[in-house]
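# Topology and contacts: notes
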Amino acid sequence: MMKPEYRSSLRRGLGEWLLQRLSSLYIGGFALFVGVKLYLQPMQSYEAWTGWATSTGMGIAFAIFWFSIIIHAWIGLRSVIMDYIKPFGLRFIILSVLVLMFSALTLWTMDIFLLRG
Amino acid sequence: MKLKIYRYNPDTDKKPYMEDFEIDPGLDSGSGMLLDVLIALKAQDDSLSFRRSCGEGVCGSDAMNINGRNGLACTTPIIGLPEPVVLRPLPGRPVIRDLIVDLTQFYNQYRAVKPWLINHDPVPEIERLQSPEEREELDGLYECILCACCSTACPSFWWHPDRFMGPAALLQAYRFLADSRDQASGKRLDALEDPYRLFRCHTIMNCTDVCPKSLNPARAIARIKHRMIKRAG
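Residues numbered from 1 in each chain as written. Chains lettered and ligands numbered in written order. Predicted model: local features only at pLDDT ≥ 70, side-chain atom pairs only at ≥ 80, totals over all residues. Heavy atoms only, no water.

### Side note on the overall build of chain A
Helix and strand counts for chain A come out as four helices and zero strands. Of the regular secondary structure in chain A, the N- to C-terminal order runs α-α-α-α. Here chain A holds 117 residues, and 29% of them are scored as buried. For chain A, the accessible surface area stands at approximately 7800 Å², while carbon and sulfur atoms represent 74% of it. (Helix = DSSP H or I, 4+ residues; strand = E, 2+ residues; numbered from the N terminus. Buried < 20%, exposed > 50% of the residue type's maximum accessible area, 1.4 Å probe, protein only. Areas by Shrake-Rupley, 256 points an atom, 1.4 Å probe, with all protein chains shown as cover.)

### Brief notes about the overall build of chain B
Along its length, chain B carries eight helices and seven strands. Principal axes of the C-alpha set define a box for chain B whose edges measure 60 × 35 × 30 Å. Counting all 233 residues of chain B, 49% fall into the buried class. Of the roughly 11300 Å² that chain B leaves accessible, carbon and sulfur atoms contribute 49%. Computed over 30 positive and 31 negative side-chain charges, the separation of the two mean positions in chain B equals 7 Å. (Lys, Arg positive; Asp, Glu negative; His and termini not counted. Charge placed at Lys NZ, Arg CZ, Asp CG, Glu CD.)

### Examining the nonpolar core
The nonpolar side chains of soluble globular proteins are, as a tendency, buried together. Counting residues in hydrophobic clusters, the biggest one holds 69 residues, and the most contacted among them are Met1(B), Leu3(B), Ile5(B), Leu34(B), Leu38(B), Leu87(B) and Ile224(B). Examining the composition of this core, we find that seven residues originate from one element, helix H5 (residues 166-177) of chain B, more than from any other. The contact partners of Met1(B), leaving out residues within four places of it in the chain, are Phe21(B), Glu22(B), Ile23(B), Pro25(B), Leu34(B), Val37(B), Ile78(B), Leu81(B), Glu83(B) and Val85(B). Counting nine residues, the second largest nonpolar core, distinct from the first, contains Phe30(A), Val34(A), Trp52(A) and Phe65(A). (Core = buried A, V, L, I, M, F, W, Y, C linked by side-chain atoms within 4.5 Å. Contact = heavy atoms within 4.5 Å.)

### What to know about the sheet that holds strand S4 (residues 69-72) of chain B
All names here are of chain B. Here we have five strands laid out as an open sheet, ordered S2-S1-S5-S3-S4, and mixed in their pairing. Unpaired on one side and paired on the other, strand S2 (17-22) and S4 mark the two borders of the sheet. Sheet twist, expressed as the average angle between the axes of neighbouring strands with direction ignored, equals 35 degrees. Summarising the sheet, strand S1 (residues 2-7) and strand S5 (residues 85-88) pair through three bridges and their orientation is parallel. The partner of leucine 3 across the bridge, within S5, is valine 85. (Pairing = 2+ DSSP bridges. Axes fitted to C-alpha atoms, helices over the stretch in contact; angles between N-to-C directions.)

### Thoughts on the pairing of S1(B)
Pairing of S1(B) with S2(B), which is carried by six bridges, proceeds in the antiparallel orientation. Looking across to S2(B), one finds that Ile5(B) is bridged to Glu19(B).

### Notes on the pairing of S4(B)
Residue and element names in this part refer to chain B. Summarising the sheet, strand S3 (residues 63-66) and S4 pair through four bridges and their orientation is antiparallel. Counterpart to alanine 63 in the pairing with S4 is leucine 72. Between S3 and S4, which pair antiparallel and follow one another directly, the connecting turn spans two residues, one of which, asparagine 67, has a positive phi of 50 degrees.

### A short note on the interface of chain A and chain B
Taken together, the contact pairs 20 residues of chain A with 27 residues of chain B. A combined buried area of about 2300 Å² lies between chain A and chain B, and 57% of that area is made up of carbon and sulfur atoms. Here chain A and chain B share one salt bridge between them. A salt bridge links Asp83(A) to Arg200(B), with the nearest nitrogen and oxygen atoms 3.0 Å apart. Counting across the chain A and chain B interface gives seven residue pairs in polar contact (both at pLDDT 80 or more). Counting residues per element, the ones that place at least two in the side of chain A that touches chain B are helix H1 (13-40) and helix H3 (56-84) of chain A. (Buried area = accessible area lost by both parts, 1.4 Å probe. Salt bridge = Lys/Arg side-chain N within 4 Å of Asp/Glu carboxyl O. Polar contact = N/O pair within 3.5 Å; in protein donor to acceptor, adjacent residues only side chain to side chain.)

### Considerations on helix H8 (residues 217-232) of chain B
The end-to-end C-alpha separation of H8(B) is 23 Å, in line with the 22 Å expected for 16 residues at 1.5 Å each. By the burial criterion, the buried members of H8(B) are Pro217(B), Ala218(B), Ala220(B), Ile221(B), Ile224(B), Lys225(B) and Met228(B). Projected down its long axis, H8(B) shows its buried positions confined to an angular sector of 170 degrees, all on one face. The elements touched by buried residues of H8(B) are H1 of chain A together with H5, helix H6 (185-192) and helix H7 (206-210) of chain B. (Expected span 1.5 Å × (residues − 1). Arc of directions from axis to C-beta.)

### Describing a negative patch on the surface
All names here are of chain B. On the surface, Glu133, Glu134, Glu136 and Glu137 cluster together into a patch of negative charge. Checked against the element boundaries, glutamate 133 lands in helix H3 (residues 132-136). Here glutamate 133 falls in the exposed class, since its relative accessible area comes to 54%. (Patch = residues over 30% accessible without salt bridge, like charges linked within 9 Å, V, L, I, M, F, W, Y side chains within 5 Å.)

### Looking at the packing of aromatic side chains
Enumeration according to the criterion identifies 14 aromatic pairs over all chains in this entry. Ring geometry for Trp17(A) and Phe199(B): centres 6.0 Å apart, planes at 50 degrees, overall tilted. In this pair, Trp17(A) is assigned in helix H1 and Phe199(B) in the loop between H6 and H7, connecting two distinct chains. No difference in accessibility class separates Trp17(A) from Phe199(B), as the two residues are buried. With a centroid separation of 6.1 Å and an interplanar angle of 40 degrees, the aromatic rings of Phe30(A) and Phe33(A) are classed as tilted. Of this pair, Phe30(A) and Phe33(A) both sit in helix H1, three residues apart, roughly one helical turn. For Phe33(A), a relative accessible area of 40% translates into the label partly exposed. Arg163(B) extends its terminal NZ or CZ atom over the ring of Tyr196(B), reaching a point 3.8 Å from the ring centre. Between the NZ or CZ atom of Arg200(B) and the centre of the ring of Tyr196(B), over which it lies, the distance is 5.4 Å. (Phe/Tyr/Trp six-rings, centres within 6.5 Å; stacked < 30°, edge-to-face > 60°. Lys NZ or Arg CZ within 6 Å of the ring centre and 35° of its normal.)

Structure, rendered in structure tokens:
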């Protein structure tokens, strides 16, 4: 039987739930913004595109966009794995692979935005 | 009337099977309910097992899966039911026999939300008063009959019956969170805030879809989350 007064260091359900929803709002809003912007003001050259995308404001906005995707995908996939993969060992292996994959994606994104941007 | 009913007697059957029945309901087809047919069938075959009590949609005993959808046999009219009517026990719970399932886990989760008023003030001589508006907050919550139709229709409850509270228990949790007389909101929210107890709900909304009392556990769950956000903010 469950302990009603259970407290755990894993008390992070609300934070993750909220982060997933906020990130989805940002991803949707930003994708819409970029789509509308490119539709209304098409970029005429690669230079114009990179100039716009790497300006300080847009650089930060794109960085938040990619990090939002990584966070959103991590919480979502972790949730699916928590639902469907019950054996501890298998769950641990799959989550470890995902952690490695998302860490690599995060580093790659940082490399693009901080070092090359 | 043709029926296909899930049969399983752990003492004699190696595995469950579906048995065909055919019966003349002998009822006024405008008012007959599925429970009446089951009672008539039981008169023919007394080994057929199902729970029932009030027959009025109040006790919640005769919840079962009717043509793929959870519901109460006593409030399901036989008129218009596609035949053969396929009856199975509530999904996701261990079967005790035929249409009877073990709801121990379901009741444990109900108990875990402390479904009673927690108020540390001295007991008043008459009653703890509420304004009509405060009382209205409980509408759509207190009417739950604990039939388990909602929780056993919830995929998250199927995957985590031991850790996810399930829509019925969460509806009850919100019933006391919403009660102006209750003084344990903080502890109630604390007890629900972990990755499993509340947040395994993915708003699939089967619970709201099947509730035979037309309640909305999904909305109650959303309101618990809103209260957590308000508390955190």
